[in-house]
Amino acid sequence: FADHGASFFVALMGGFLALRWRWGGYRVGLALIGAMFVFAVAAQGKAFISVVNPAKNASSAITQLADVISPSESASITARGRRSLEGSYPIDQETLNLLRGHTVHVAPYATSVVWAYRLDWRPLPVFQSYVAYTTALDQDNADALNSAQAPQRILRNRDPEIDGRVEAFDEGLTMRTILCRYQELRTTEEWQVLGLGPNRCGATVSLGTVHAGWDQKVPVPAPPNDHSFVFARVGGATVGGLERLVALLYKPVERVVLLNGVSHRLVGATAADGLILRAPAGVDFTGRFKLASDSSTIAVGEAGGGSGGGKPLTFSFFAQSVSSGPRVALPRHGAVPSALVGGPRHG
């Protein structure tokens, strides 16, 4: 985290340098730049000594410049970089065949495979799902998936989840759109390929609202039939009131969601976007790539047992029907059925 902290404050420092300060305001600008520099040094810690090394940095700059100028050396470095990533993220040929010739979005991260395997990248506006931490950002991604410019393929990987969060909960609107608009073409131990198809979801139906306290378990209703899934919009989990003022100076108290009693970190700002909780096998994606948490109970609390400032919580449950299963059975030659609208790109 030290590198991230230093990068953050250095970026802020660059922003202050980019501003055109009014006459007389340069003192404020210099003070802010100085403060960002101090924070960057503090975030870097002892490693800062190795970073601020003029002789070493000058030598490194000369070496890098020579590498860029030399076409052969540049090509060699690029090839080594690709081989390194291919070794870290191996993708089998059958999976690559389903991706090549199509626009591709990679989720939730490991986007570097696009460069390593020379794929045609068409990312969502917020192309790493764990960064879509507001409803507006979640909506931007969902809108992109519903547009004519939606990526024809989505490549999902099963790397460890970020900070103990449930991947499908990070951007509820986006994940439900993926479940409705994309069909499973192939899965391996590490990868899932989704193909863009017709929207297979119907209208949502309310299953009722439950008012509950923090850390109070709430039963999750079962899907009303074998061709629908259940999701919940959680209200009251966002930061507000006095806590919002405190958060200006320091981060707010971490929210957690307990699924069948197991705690996970929760982004409160997107909890109302809809959390997929239950889905029959014929509705959800398969195996390790399913989106529903298959939870019979849900509770929301604060790390450390807080009460969210006393705000009440609401759990509004909905069911949404689907017209067909998520799995596409491919012929042996691997051709994708014409029912999928995500055909080869043109231009």
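Residues numbered from 1 in each chain as written. Predicted model: local features only at pLDDT ≥ 70, side-chain atom pairs only at ≥ 80, totals over all residues. Heavy atoms only, no water.

Engineer: If you had to explain the sheet that holds strand E2 (residues 120-121) to someone new, which residues and values would you point to?
Structural biologist: Taken in spatial order, the five strands of this open sheet run E2-E1-E3-E5-E4, and their pairing is mixed. If you trace the sheet from one side to the other, it starts and ends with E2 and strand E4 (182-187), each paired once. Across four bridges, the pairing between strand E1 (residues 103-107) and strand E3 (residues 153-157) is parallel. Within E3, the residue paired with Val-106 across the bridge is Leu-155. Of the strands in this sheet, E3, E4 and strand E5 (191-196) touch helix H10 (residues 172-181), which is tilted by about 80 degrees from E4. (Pairing = 2+ DSSP bridges. Helix = DSSP H or I, 4+ residues; strand = E, 2+ residues; numbered from the N terminus. Contact = heavy atoms within 4.5 Å. Axes fitted to C-alpha atoms, helices over the stretch in contact; angles between N-to-C directions.)

Engineer: Describe the sheet that holds strand E8 (residues 228-235), naming the residues involved and giving the relevant values.
Structural biologist: Ordered by their spatial adjacency, four strands build an open sheet running E6-E13-E8-E11, and the pairing between neighbours is antiparallel. Of all the strands in the sheet, just strand E6 (201-212) and strand E11 (275-278) have a single pairing partner and so form its edges. Neighbour-to-neighbour, the strand axes of this sheet turn through a mean angle of 30 degrees, independent of strand direction. Where E6 and strand E13 (residues 313-322) come together, nine bridges link them in antiparallel fashion. The partner of Thr-209 across the bridge, within E13, is Ser-316. Against the sheet, H10 touches E6, E8, E11 and E13, its axis set at about 170 degrees to E8.

Engineer: Residue-level account of the state of the cysteines, with values.
Structural biologist: Under the defined criterion, the tally for this structure stands at one disulfide. Each sulfur in the disulfide pair Cys-180 and Cys-201 lies 2.0 Å from the other. With the S-S bond torsion at -90 degrees, the cross-link from Cys-180 to Cys-201 turns out left-handed. Of the two residues, Cys-180 sits in helix H10 while Cys-201 sits in strand E6, which places them 21 residues apart along the sequence. The pair formed by Cys-180 and Cys-201 is uniform in burial state, with each residue classed as buried. (Disulfide = S-S within 2.5 Å. Buried < 20%, exposed > 50% of the residue type's maximum accessible area, 1.4 Å probe, protein only.)

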